[in-house]
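Structural overview
Single-letter residue listing:
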Amino acid sequence: VVTVGCIMLANNTSDIEKDREGGRRTLPVCIGRHRAQILLRVSIIAAACGTVAITLVCAPTGAAAMAVMAASLAVNGRIRQLYSLPVGPEHRKNSMEAVLEAHSRIILCYIAAALLTALGAK
């Protein structure tokens, strides 16, 4: 749920100017680009940490998948760019791709952890 919210937040943050002109009151319009960027970045980290916590409690046999998730998020250049480049119209493509990659990696590694636990792997 959090990563889907991140996808929407990245999209809306890139469109702040258009949304303001159109009278839309999206979260980024209300809190501003700087705070929206901070919220996006913190939310991705929170989603990854939350996934690790849920896995350790509910699917501890699959905890190795969480190490893979953390490593894949840390080494991905596009995801790292999300933390250094502004989230705006000029970097819209990079921002959206980074958030979609983070979403995919978090979800796939959680599924892998659940499968490892269901299969009884140790």
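Everything below is about the structure printed above this text.
Nothing here was measured: the structure is a model prediction, and the numbers come from that model.

**Some words on the overall build of the chain**
- Scanning the chain from N- to C-terminus turns up seven helices and zero strands.
- Reading the secondary structure of the chain in the N-to-C direction produces α-α-α-α-α-α-α.
- Expressed along its principal axes, the backbone C-alpha trace of the chain runs to roughly 55 × 25 × 15 Å.
- Across the chain, contacts joining residues at least 24 apart in sequence account for 66% of those joining residues at least 6 apart.

**Looking at the side chain of R41**
- Among the structural elements, R41 can be located in helix α4 (residues 33-58).
- Of the side chains with opposite charge, E90 comes closest to the buried, unpaired R41, at an N-O distance of 9.6 Å.
- Aside from chain neighbours lying at most four places away, what touches R41 is L82, Y83, S84, L85 and P86.

**Focus on a nonpolar patch on the surface**
- Where nonpolar side chains cluster on the molecular surface, the patch consists of I107, L108, I111, L115 and L119 and spans about 510 Å² of accessible area.
- Note on placement: I111 falls in helix α7 (residues 92-119).

**Some points on the nonpolar core**
- Residues L40, I44, M69, L73, L82 and V99 are the most contacted members of the largest nonpolar core, which totals 23 residues.
- Put simply, the parts of the chain that give this core at least two residues each are α1 (2-14), α4, α5 (64-75), α6 (77-82) and α7.
- In terms of residue count, the dominant contributor to this core is α7 (seven residues).
- Residues within four places of I44 in sequence aside, it is in contact with C6, L82, Y83, V99, A102 and I106.

What counts and how
- Residues numbered from 1 in each chain as written.
- Predicted model: local features only at pLDDT ≥ 70, side-chain atom pairs only at ≥ 80, totals over all residues.
- Heavy atoms only, no water.
- Helix = DSSP H or I, 4+ residues; strand = E, 2+ residues; numbered from the N terminus.
- Contact = heavy atoms within 4.5 Å.
- Buried < 20%, exposed > 50% of the residue type's maximum accessible area, 1.4 Å probe, protein only.
- Lys, Arg positive; Asp, Glu negative; His and termini not counted.
- Salt bridge = Lys/Arg side-chain N within 4 Å of Asp/Glu carboxyl O.
- Patch = residues over 30% accessible without salt bridge, like charges linked within 9 Å, V, L, I, M, F, W, Y side chains within 5 Å.
- Areas by Shrake-Rupley, 256 points an atom, 1.4 Å probe, with all protein chains shown as cover.
- Core = buried A, V, L, I, M, F, W, Y, C linked by side-chain atoms within 4.5 Å.

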